[in-house]
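# Tertiary structure, described
In case you want the letters, here they are:
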Amino acid sequence: MALRFWASSTANALRVSCASRAQLIMPAFSFPRSLSFVLDGFKYATSHEWVKHDGPVAIIGITDHAQDYLGEVVFVDLPETRGSVTKETSFGAVESVKASSDVNSPISGEIVEVNTKLTESPGLINSSPYEDGWMIKVKPSDPAELKTLMGPSEYTKFCEEEDAAH
């Protein structure tokens, strides 16, 4: 009772109205899940990984859309540098408070660098999926594979259709 009185008094002092129980259960509006962002200059796989081809190296990570669905990332399993990846096969995994998911390589090639910051700060995938949250850098063995991936507008449409189906 005292807590209710304190909350009511505080709300009155701050001129905040208290919502009724019905308003708390059924909000007047909601945000669609498609608020994820997609960047120009990147290529995207149907498995929700992105690639940014930068000179002789391609940088790979998971998309904003993927990290949004996963929720708070708590662990990242990455491969060793100097290993290799094959298109559409797993090279690591991401674990969140909601789920665990394999991460597939959208292209084939030699791993030239691994983002070791993710070991101590896996949440970088959530806060900065296209910059600080990159996972591996690869020297592509077949640059033509990049042409088989989606551009930003195609990927956006793909995500909208996928979300509508679920």
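Please refer to the structure placed before this passage.
Attention here is on the structure that accompanies the text. (Residues numbered from 1 in each chain as written. Predicted model: local features only at pLDDT ≥ 70, side-chain atom pairs only at ≥ 80, totals over all residues. Heavy atoms only, no water.)

## Some points on the nonpolar core
One recurring pattern in soluble globular proteins is that nonpolar side chains are buried together. Quick reminder of the rule: We call a set of buried residues a nonpolar core when its members are Ala, Val, Leu, Ile, Met, Phe, Trp, Tyr or Cys and they connect through side-chain atoms within 4.5 Å of each other. Think of it in three bands: residues with accessible area under 20% of the maximum for their type are buried, residues over 50% are exposed, and the middle band is partly exposed, with areas taken using a 1.4 Å probe on protein chains only. Helix and strand definitions here come from DSSP, where helices need a minimum of 4 consecutive H or I residues and strands a minimum of 2 consecutive E residues; each element is numbered from the N-terminal end.
Core analysis: the biggest nonpolar cluster contains 25 residues, and Ile107, Ile125, Met135 and Ile136 have the highest contact counts within it. Breaking this core down by element, the ones donating at least two residues are strand S3 (57-62), helix H3 (64-70), strand S4 (73-77), strand S6 (90-96), strand S8 (109-114), helix H5 (124-127) and strand S9 (136-140). With three residues, S3 is the largest single contributor of residues to this core. Judged by nonpolar contacts, the second largest core, of nine residues, contains Tyr44, Ile59, Met150 and Cys159.

## Comments concerning the sheet that holds S8
For clarity, the cut-off: When DSSP finds two or more bridges between two strands, those strands count as paired.
In space, the six strands of this open sheet follow the order S1-S2-S3-S9-S8-S5, with antiparallel pairing throughout. Where the open sheet ends on each side, the last strands, each with one partner, are strand S1 (43-44) and strand S5 (84-85). Bridge analysis of S1 against strand S2 (residues 49-54) gives two bridges, and the strand direction is antiparallel. The partner of Lys43 across the bridge, within S2, is Val51.

## Regarding the side chain of Ser108
Going by this rule: Whenever a nitrogen or oxygen atom comes within 3.5 Å of another N or O atom, the pair is scored as a polar contact, on the condition that within protein one atom can donate a hydrogen and the other can accept it, and that pairs from neighbouring residues in sequence are kept only if both atoms are in side chains. Only heavy atoms enter the contact rule, under which two residues are in contact if any of them lie within 4.5 Å.
Positionally, Ser108 belongs in the loop between strand S7 (100-104) and S8. For Ser108, a relative accessible area of 11% gives the class buried. Looking at Ser108, its side chain comes within polar contact range of the main-chain nitrogen of Lys87, at 2.8 Å. Ignoring any residue separated from it by four or fewer positions in sequence, one finds Ser108 in contact with Val85, Thr86, Lys87, Val138, Lys139, Pro140, Ser141, Asp142 and Glu145.

## What about the sheet that holds S6?
Cut-off, in case you're wondering: Here the axes come from fitting lines to C-alpha atoms, over the contacting stretch only for helices, and the angles between their N-to-C directions go from 0 to 180 degrees.
Here we have three strands laid out as an open sheet, ordered S4-S6-S7, and antiparallel in their pairing. Every other strand in the sheet has two partners, leaving S4 and S7 as the edge strands with one partner each. Mean inter-strand twist for the sheet, computed between neighbouring axes without regard to direction, equals 25°. As judged from the five bridges shared by S6 and S7, these two strands associate in the antiparallel manner. When the bridges of S7 are listed, Ser90 appears paired with Asn104.

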